[in-house]
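Close look at the chain arrangement
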Amino acid sequence: MKTGTALCLINGEWKAARSGETFSVKNPANGEVLATVPQLDRAQVEGTIAAAQAAFNGWRSYPARERARMLRSIGDKLIARREEFARLITLEQGKPLSESLGEVSYSANYLHWFSEEAVRAYGDIIPADSAAKRIFVLRQPIGVAAAITPWNFPIAMLARKLGAALAAGCTFIAKPAPETPLSALLLGELCQEAGLPAGVVNIITGDAAMIGEVIMASPIVRKVSFTGSTEVGKLLLRQSADTVKKLTLELGGNAPFIVMDDADLERAVSGAMFGKYRNAGQTCICVNRFLVHSSVAEDFTRRLVDQTRSLVVGSGLDEKTSVGPVINDAAKNKVIGLLNSAADEGVTFLLGEESRRATSRFISPCVLTGVTPAMRIWKEEIFGPVSTITTFNSDAEAISLANDTQYGLAAYLYSESLSRALNVAERLEFGMVGINDTAISAVQAPFGGVKQSGFGREGSKYGMDDYSVLQYLSVA
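Residues numbered from 1 in each chain as written. Predicted model: local features only at pLDDT ≥ 70, side-chain atom pairs only at ≥ 80, totals over all residues. Heavy atoms only, no water.

1. Here we look at unusual backbone geometry
The phi torsion at Ala 280 lies on the positive side, around 55°, for a residue other than glycine. Examined against the element boundaries, Ala 280 turns out to sit in the loop between α9 (265–277) and β13 (287–293). At Asn 436, a position not held by glycine, the phi torsion is positive, near 55°. Within the secondary structure layout, Asn 436 lies in the loop between β19 (432–435) and β20 (450–451). In this structure Asn 436 comes out as buried when scored by relative accessible area, which is 16%. (Helix = DSSP H or I, 4+ residues; strand = E, 2+ residues; numbered from the N terminus. Buried < 20%, exposed > 50% of the residue type's maximum accessible area, 1.4 Å probe, protein only.)

Shown next as structure tokens:
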């Protein structure tokens, strides 16, 4: 796959849409068309599912060690072409090149991790009630698995799902986000180079609603993993009912960042900068609400404003850039709408008020104070480079404010008292909590949320659970 033209990977072959129809992939920084990709029709999607099903019995029968070898090979090839992948990610997604390089390495880590987990899909032998019987529990691959991946981490989210599925013995269909399909299709090339049999990995593009409908309606597809909005996640959950699919849903977030009165403020601000402004604030675990103890709020805010002012907004290909563009005009308009709503509701702009009038997708980082739970910007996921600050006066108030959201993906807490931090963290209604840490995503740790942030876990030793089923054998 080269920029300028692209095809879909279906049953080991590179295919165009039968109609010849395509859609354009554009650079969010300047609107330049990078490539066109196929707009597959319904029959081609159904054919992809059939190909994955045909490949399943052969793939599940491969020795785990052989599946592991192929997964490791994909990861090794990804590292060998790290610069090429990183540049492509920056072109289609917009993030700074340094972040794209980090994403590629992170993605390869998932492939390597699950190559090692493939040989550890252990079962059990359970004592029976009779000496004449034996009870065995086997871990079996669930079947054909499909993944619908987001645009903000186009390779990492794909690698995290693909690695677990292949390690478990499932065949795999990926539908990348229409904004960022090119890096996913390039990863398909690596799967072929690693020697994966035809039909084991398939990567398709086209109308998201149609593809999603076909996948969800198919009784062949037994597992779907989705990373994206809560609204779409709810739709998929409803659509899964008729075929009783197993789902992993990693949905929206509204992460609080709690700064206690005993926090190391230098460390807290450093963590805040990474947790808020990485990928222009467009990560599902991005800090959405800064909750700061009133006794340290002035000092923390001053430091945060000073650090934020030093950020450079621009093209991700410029090595000086620290904040790239938001992904598209809809994202830009949402951020501007939240800023205007906050202004109308009485917040104070300490930095970035000019972003309310942004005409391009480059949004200057903002710092707002006086934010309250009644405001729209408190309740919604911002997905942009906007810091909002709210103060509190007690641990109980901080916990109450943090939990005041329908979401429960990630939360952050800064305190120099471990016992205090653990006490507060255990009362936070979030699937992941970083204590004095915002770099919480790691291949060996279970990633996922609670409440309306979804369910299921990705990565870690638990990451293959949702691609597996337990089979009980009673032997007399």
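Structure shown, so let's carry the discussion forward.
2. Some remarks on the sheet that holds β13
The sheet built from seven strands is open, its strands ordered β14-β15-β16-β13-β12-β18-β19 with mixed pairing. The sheet is open, and its two edges are formed by β14 (348–351) and β19, each paired on a single side. Averaged over all pairs of adjacent strands, the angle between strand axes in this sheet comes to 25°, irrespective of strand direction. The sheet contact formed by strand β12 (residues 255–259) and β13 spans five bridges and is parallel. Bridged to Pro 256 within β13 is Arg 289. Contacting β14, β15 (366–369) and β16 (386–392), helix α11 (residues 329–344) runs over the sheet at an angle of about 30° to β15. (Pairing = 2+ DSSP bridges. Axes fitted to C-alpha atoms, helices over the stretch in contact; angles between N-to-C directions. Contact = heavy atoms within 4.5 Å.)

3. Some words on the pattern of salt bridges
One pass over the structure, following the stated rule, counts 24 salt bridges. Note that Asp 329 is salt-bridged to Arg 361, the shortest N-O span being 3.0 Å. Of this pair, Asp 329 sits in helix α11 while Arg 361 sits in the loop between β14 and β15, and the two are 32 residues apart along the sequence. Of the residues examined, Asp 329 reaches a relative accessible area of 38% and is grouped as partly exposed. (Salt bridge = Lys/Arg side-chain N within 4 Å of Asp/Glu carboxyl O.)

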